[in-house]
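Understanding the architecture of this molecule
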Amino acid sequence: MVPFVFNVEITQQGKFKGDTEELTLDGSVDWHGRPAIRAKSGRWVAGTIVLLNQGLATLAFFGVGVNLVLFLTRVMGQNNAAAANSVSKWTGTVYIFSLVGAFLSDSYWGRYKTCAIFQVIFVIGLVSLSLSSYLSLIRPKGCGNETIPCGKHSSLEMGMFYLSIYLIALGNGGYQPNIATFGADQFDEEHSKEGYSKVAFFSYFYLALNLGSLFSNTILGYFEDEGLWALGFWVSAGSAFAALVLFLLGTPRYRHFKPSGNPLSRFSQVLVAASRKWRAQMTSNGEDLYVMDENESPTNGNRKILHTGGFKFLDRAAFISPRDLEDQKSGVYNPWRLCPITQVEEVKCILRLLPIWLCTIIYSVVFTQMASLFVEQGAAMKTTISNFRIPPASMSSFDILSVAVFIFFYRRVIDPLVGRLKKKSSRGLTELQRMGIGLVIAVMAMVSAGIVECYRLKYANSGCPHCSGTSSLSIFWQIPQYALIGASEVFMYVGQLEFFNAQTPDGLKSFGSALCMTSISLGNYVSSILVSIVMKISTEDHMPGWIPGNLNRGHLDRFYFLLAILTSIDLVLYIACAKWFKSIQLEGKYEENDMPGSFKV
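What counts and what doesn't
Residues numbered from 1 in each chain as written. Predicted model: local features only at pLDDT ≥ 70, side-chain atom pairs only at ≥ 80, totals over all residues. Heavy atoms only, no water. UniProt positions renumbered as here; feature names shortened; annotations may be inferred. Helix = DSSP H or I, 4+ residues; strand = E, 2+ residues; numbered from the N terminus. Buried < 20%, exposed > 50% of the residue type's maximum accessible area, 1.4 Å probe, protein only. Areas by Shrake-Rupley, 256 points an atom, 1.4 Å probe, with all protein chains shown as cover. Expected span 1.5 Å × (residues − 1). Contact = heavy atoms within 4.5 Å. Salt bridge = Lys/Arg side-chain N within 4 Å of Asp/Glu carboxyl O. Core = buried A, V, L, I, M, F, W, Y, C linked by side-chain atoms within 4.5 Å. Axes fitted to C-alpha atoms, helices over the stretch in contact; angles between N-to-C directions. Parallel < 35°, antiparallel > 145°, perpendicular 65-115°, else oblique. Left-handed = near helix turned anticlockwise from the far one by under 90°. Nonpolar A, V, L, I, M, F, W, Y, C, P; charged D, E, K, R; others polar. Bend = angle between axes of the 7 residues up to and from the residue. Patch = residues over 30% accessible without salt bridge, like charges linked within 9 Å, V, L, I, M, F, W, Y side chains within 5 Å. Polar contact = N/O pair within 3.5 Å; in protein donor to acceptor, adjacent residues only side chain to side chain. Phe/Tyr/Trp six-rings, centres within 6.5 Å; stacked < 30°, edge-to-face > 60°.

Under the annotation held in an unreviewed UniProt entry, the protein chain carries the name Protein NRT1/ PTR FAMILY 7.3 isoform A and is attributed to Glycine soja. Reading the Subcellular location (unreviewed entry) entry of the UniProt record for the protein chain gives the comment "Membrane". Of the protein chain, the UniProt comment under Sequence similarities (unreviewed entry) reads exactly: "Belongs to the major facilitator superfamily. Proton-dependent oligopeptide transporter (POT/PTR) (TC 2.A.17) family."

Side note on the overall build of the protein chain
Of the regular secondary structure elements, the protein chain holds 18 helices and 4 strands. The burial tally for the protein chain puts 56% of its 601 residues in the buried class. Carbon and sulfur atoms form 64% of the exposed surface of the protein chain, whose accessible area is close to 26200 Å².

Thoughts on helix 8 (residues 263-276)
A rise of 1.5 Å per residue sets the reference length of helix 8, with its 14 residues, at 20 Å; its end C-alpha atoms lie 20 Å apart and thus fit the reference within 8%. Structurally, helix 8 contributes buried residues whose contacts are with helix 3 (80-109), helix 9 (312-315) and helix 11 (341-359).

Observations concerning the pattern of salt bridges
Taken as a whole and assessed by the stated rule, the structure comprises 10 salt bridges. Arg38 serves as the salt-bridge partner of Glu22, at 3.0 Å between the closest nitrogen and oxygen. Of the two residues, Glu22 sits in strand 2 (residues 16-22) while Arg38 sits in the loop between strand 2 and helix 1 (43-65), which places them 16 residues apart along the sequence. For Glu22, a relative accessible area of 26% puts it in the partly exposed group. Looking at Arg38, the relative accessible area reads 5%, which means it is buried. The shortest N-O distance in the salt bridge between Arg38 and Asp188 comes to 3.2 Å. Of this pair, Arg38 sits in the loop between strand 2 and helix 1 while Asp188 sits in the loop between helix 5 (155-185) and helix 6 (192-225), placing them 150 residues apart in sequence. This pair shows no difference in class: Arg38 is buried, exactly as Asp188 is. Among the charged side chains, a network of salt bridges with common partners joins Glu22, Arg38 and Asp188.

Remarks on the nonpolar core
Counting residues in each nonpolar core, the largest one holds 131 residues, and the members touching the most others are Phe71, Trp90, Phe161, Ile356 and Phe559. Those residues in contact with Phe161, other than ones at most four positions away along the chain, are Leu68, Phe71, Leu72, Met76, Leu129 and Leu137. Core analysis: the second largest hydrophobic core is formed by 7 residues, Tyr410, Ile414, Val418 and Ala487 among them.

Some details on the packing of helix 15 (residues 431-458) against helix 16 (residues 479-503)
In contact at an axis separation of 8 Å, helix 15 and helix 16 are set at 160° when each is read in the N-to-C sense. With respect to each other, helix 15 and helix 16 are oriented roughly antiparallel. Where helix 15 crosses over helix 16, the handedness of that crossing is left-handed. For the contact of helix 15 with helix 16, the residue count by class is 18 nonpolar, 6 polar and 3 charged.

Details of helix 6
The terminal C-alpha atoms of helix 6 lie 49 Å apart, and with 34 residues this matches the ideal 50 Å at 1.5 Å per residue to within 8%. Maximal helix bending in helix 6 amounts to about 30°, located at Ile219. Gly227 lies just past helix 6 and shows a positive phi near 100°.

Things to note about a nonpolar patch on the surface
Side chains of Phe215, Ile219, Phe223, Leu228, Leu231 and Val235 sit close together on the surface and give an oily, nonpolar patch of about 460 Å² of accessible area. Looking at the nonpolar patch, the elements that each hand over two or more residues are helix 6 and helix 7 (229-249). Assignment of secondary structure puts Leu231 in helix 7.

Describing unusual backbone geometry
Of note in this structure, Arg43 is not a glycine but carries a positive phi near 60°. Note on placement: Arg43 falls in helix 1. Located in the positive-phi region is Phe311, a residue other than glycine, with phi close to 50°. Along the polypeptide, Phe311 turns up in the loop between helix 8 and helix 9.

Description of the environment of Tyr254
As for its position among the elements, Tyr254 is in the loop between helix 7 and helix 8. Each C-alpha atom of the pair Tyr254 and Val29 lies 8.7 Å from the other, and the pair is 225 residues apart in sequence. For Tyr254, the contacting residues outside a window of four places in its chain are Val29, Asp30, Trp31, Ala46, Ile49, Val50, Tyr112, Phe182, Gln186, Leu246 and Phe247. Only 2.8 Å separates the side chain of Tyr254 from the backbone oxygen of Phe247, close enough to count as a polar contact.

Some thoughts on the packing of helix 17 (residues 509-538) against helix 18 (residues 556-580)
For the pair helix 17 and helix 18, interaxial distance at closest approach is 12 Å and the crossing angle is 125°. The angle between helix 17 and helix 18 falls in the class oblique. Crossing of helix 17 against helix 18: the hand is right-handed. Residues Leu530, Val531 and Val534 of helix 17 form the contact with helix 18, whose participating residues are Phe559, Leu562, Leu563 and Leu566. Each residue belonging to the contact of helix 17 with helix 18 can be placed in one class, and the counts come to 7 nonpolar, no polar and no charged.

Quick word on the packing of aromatic side chains
Tallying each qualifying case throughout the model produces 32 aromatic pairs. For the ring pair Phe182 and Tyr254, a centre distance of 4.9 Å and an interplane angle of 75° mean the geometry is edge-to-face. Of this pair, Phe182 sits in helix 5 while Tyr254 sits in the loop between helix 7 and helix 8, and the two are 72 residues apart along the sequence. Here Phe182 and Tyr254 have matching classes, each one buried. Taking 6.3 Å as the distance between ring centres and 80° as the angle between the ring planes, the aromatic pair formed by Phe406 and Phe409 counts as edge-to-face. Of this pair, Phe406 and Phe409 both sit in helix 14 (residues 397-421), 3 residues apart, roughly one helical turn. A relative accessible area of 36% means that Phe409 is categorised as partly exposed. Cluster of aromatic residues (ring-pair linked, three or more members): Trp44, Phe187, Phe201, Phe202, Tyr204 and Phe205.

Remarks on the environment of Arg43
Take Arg43: its relative accessible area is 33%, and that puts it in the partly exposed class. Separated by 151 residues in the primary sequence, Arg43 and Glu194 have C-alpha atoms spaced 7.2 Å apart. Setting aside chain neighbours within four positions, we find Arg43 in contact with Arg38, Gln186, Phe187, Glu194, Arg253 and Arg255. A distance of 3.5 Å separates a polar atom in the side chain of Arg43 from the backbone oxygen of Arg38.

As structure tokens, this is what we get:
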């Protein structure tokens, strides 16, 4: 039954006037903590504000991130391998901070407050980077382009630079997982129309993210490539400030979910309670498991999770022992001895997600090459058309265009077509199936990049001391590898956002989005380790290695083919994990044969 608020007021004629206002069904509240009224909160009005905020914030972030590898080589004086590793570590740190933001959001602050605070930190970091670049790093004036080298920097100047970029990492990292989930919160998934909009929101969110970076990868990328680094950073700072103001202006319209308390304590209680009863004899039908009354739940009315098989040891935490019965009669409840089955299922949900999450890390290793080795590869190709020079980092625009095209193609063509072909369900591809397709396309992208590198080397001058632009092969031959990465993102990252949001319990939604980002984080760290290992092995016996400072003397193609092989192995493991996975079962939500996380070949 749909709940309503009944408002009564006295008109000028002294008569009573009544109207009904429909409330949301998912437990969301308004700014004042009252049940949210559907017509006056959330939906696409609030969702559009979040999308615009995401676009502006992404423009700001990529205004720094997309050309950071060139800034490190041209301004800070690092070599190619060191710069690629520095970018991987910095990007990885951005996503590690997403766990901090998710924890604070789910536990204490809520998503709105967390987004606002971390956006303020983000703006401070960008302003600090802009000031330090303008006042001290870009010296002599005009340095930092391809021809004029910058001078050495003092320890204080280096410290200010790293403090600034890691403030940016903290601000953006803490904000990103929460803004995705906060945007999805504006749609009531228990309502048929809004539930469909919620699924669509993730595709548009990822599209906004990519369109926001389009300006950074083209216009800003061009100015920064020409040495106008301070200008580019100031534009990023202005964009981040505009995003913050826009976000705050939407405050009266937003829907909110109350934080559910510290999830670490809830997880620990399940493990301790299960360990205490490890010898208990349980029935097979689950009748002796504790189900807490909804009004007594410590997680602010989150929906109940039904009991599932698997991880049976954890069920002992919800087993009602004779001692628990005595405690209940005396009015004593000890959560370290007895946990409700929903709390136990929370832990099971996360444990089931971990193998899928681990399988996404190798994909992130492939994805991170766009910001590092793809840029260095492009810089070693022919980058000029007539007298115009194409900034190597701007080639990622083809990735963004590919994302936009494939989001439209998937939602308008593939998804409806698959839905019609299915016999039992009108649903298209499940999230797990889409993520598997993303891995397949990622393998194709690495093979394409490796083939392009083979031909780049064929037309390169290997004796040149500086490899920039020394191959006659046009940089436009990189388009297929960027386009394939973009297509794989639509299937992998959009599917991943939807999957983790759908499969995490109500009190851990931000944590679900953070899982997506930490897979990118670990992918960057794994990429950094992989590059270091490859360089150590390939430089033995005085060989230049696969990724030397002069790429014309190396074998970057072998590194790309290595990634293709590793991703293929990861795909096999992923299929096995996806077949094993069991979806979350919320009370009264899904039919058994229509689970969103199911994976069938």
